[in-house]
Amino acid sequence: MFNNNFLKVLLILILSFAIISCSKDEPLSPSEDHFEAEGMVFFESGIKIAEIFRGVTQDTFFVPLGNMTAHIEVKFLSPERNLLDPPDPKKKPLSWTISDTSIVSVYQHPNGQGSYEFHLQGKKAGVTDIEFFVLHEGHPDFRSGKIPVKVR
């Protein structure tokens, strides 16, 4: 009797372990691949205005004081510096940090929150920097590095 019950419990434990380990919903591993890019390129009306690659840039965003820039679109760079389309903003939204938010802010249209399109709004003359992130499941998959911003 004892051996029979012991074998049943052991069989249930083995089957439970097999079912759990074969599940596709593994809570400890991400369900999607991470976004792999090494740089960003910024365009206004199809014209490149800034680029940052592996955290290094020679460019500066120039923003009119008391006004907004034209619409800025973002593309990414592969390790070979080929242009990549941005990921789906609903799954991997664009985010940013600005060192001095009294100088400049980012404006996105109300239905475009997290998208890869924005305007920069000059609030006060000065220089600061902005860093962009591609967020995925609460952490950055990509970090641009700091890009200077001059409001004049």
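Above: the structure in question.
Thresholds applied
Residues numbered from 1 in each chain as written. Predicted model: local features only at pLDDT ≥ 70, side-chain atom pairs only at ≥ 80, totals over all residues. Heavy atoms only, no water. Helix = DSSP H or I, 4+ residues; strand = E, 2+ residues; numbered from the N terminus. Contact = heavy atoms within 4.5 Å. Polar contact = N/O pair within 3.5 Å; in protein donor to acceptor, adjacent residues only side chain to side chain. Salt bridge = Lys/Arg side-chain N within 4 Å of Asp/Glu carboxyl O. Buried < 20%, exposed > 50% of the residue type's maximum accessible area, 1.4 Å probe, protein only. Pairing = 2+ DSSP bridges.

Which residues make up the environment of Gln-108, and what values go with them?
With respect to the secondary-structure elements, Gln-108 resides in the loop between strand S7 (104-107) and strand S8 (117-122). Distance from Gln-108 to His-71, taken between C-alpha atoms, is 9.4 Å for residues 37 residues apart in sequence. Those residues in contact with Gln-108 that lie beyond four places of it in its chain are Trp-96, Gln-113, Gly-114, Ser-115, Glu-117 and Phe-118. Looking at Gln-108, its side chain comes within polar contact range of the main-chain oxygen of Glu-117, at 3.0 Å.

Would you mind going over the environment of Gly-145 in detail, with residue names and values included?
Tracing the chain through its elements places Gly-145 in strand S10 (residues 139-151). With 106 residues separating them along the chain, Gly-145 and Gly-39 place their C-alpha atoms 8.9 Å apart. The residues touching Gly-145, leaving out its near neighbours within four places in the chain, are Ile-52, Gly-55, Ile-130, Glu-131 and Phe-132.

Residue-level account of the pattern of salt bridges, with values.
Tallied over the entire structure, the rule returns six salt bridges. With a shortest N-O distance of 2.4 Å, Glu-38 and Arg-54 are connected by a salt bridge. Taken as a pair, Glu-38 in the loop between helix H1 (2-22) and strand S1 (39-44) and Arg-54 in the loop between strand S2 (47-53) and strand S3 (61-63) lie far apart in primary sequence, 16 residues in all. Here Arg-54 falls in the exposed class, since its relative accessible area comes to 55%. One salt bridge connects Lys-48 with Glu-51, and the closest N-O pair in it is separated by 2.7 Å. One salt-bridge network, in which partners are shared between bridges, spans Lys-48, Glu-51 and Arg-81.

An account of the pairing of S1 is requested, with residue identities and associated values reported.
Taken across its six residues, S1 has five buried, putting it largely inside the fold. Note that S1 and S2 share six bridges and pair antiparallel. Considered in S2, the bridge of Gly-39 is made with Phe-53. Connecting the antiparallel pair S1 and S2 is a turn made up of two residues, with Ser-45 showing a positive phi of about 50 degrees. Pairing of S1 with strand S4 (residues 72-77), which is carried by six bridges, proceeds in the antiparallel orientation. Bridge pairing in S4 places Met-40 opposite Phe-76.

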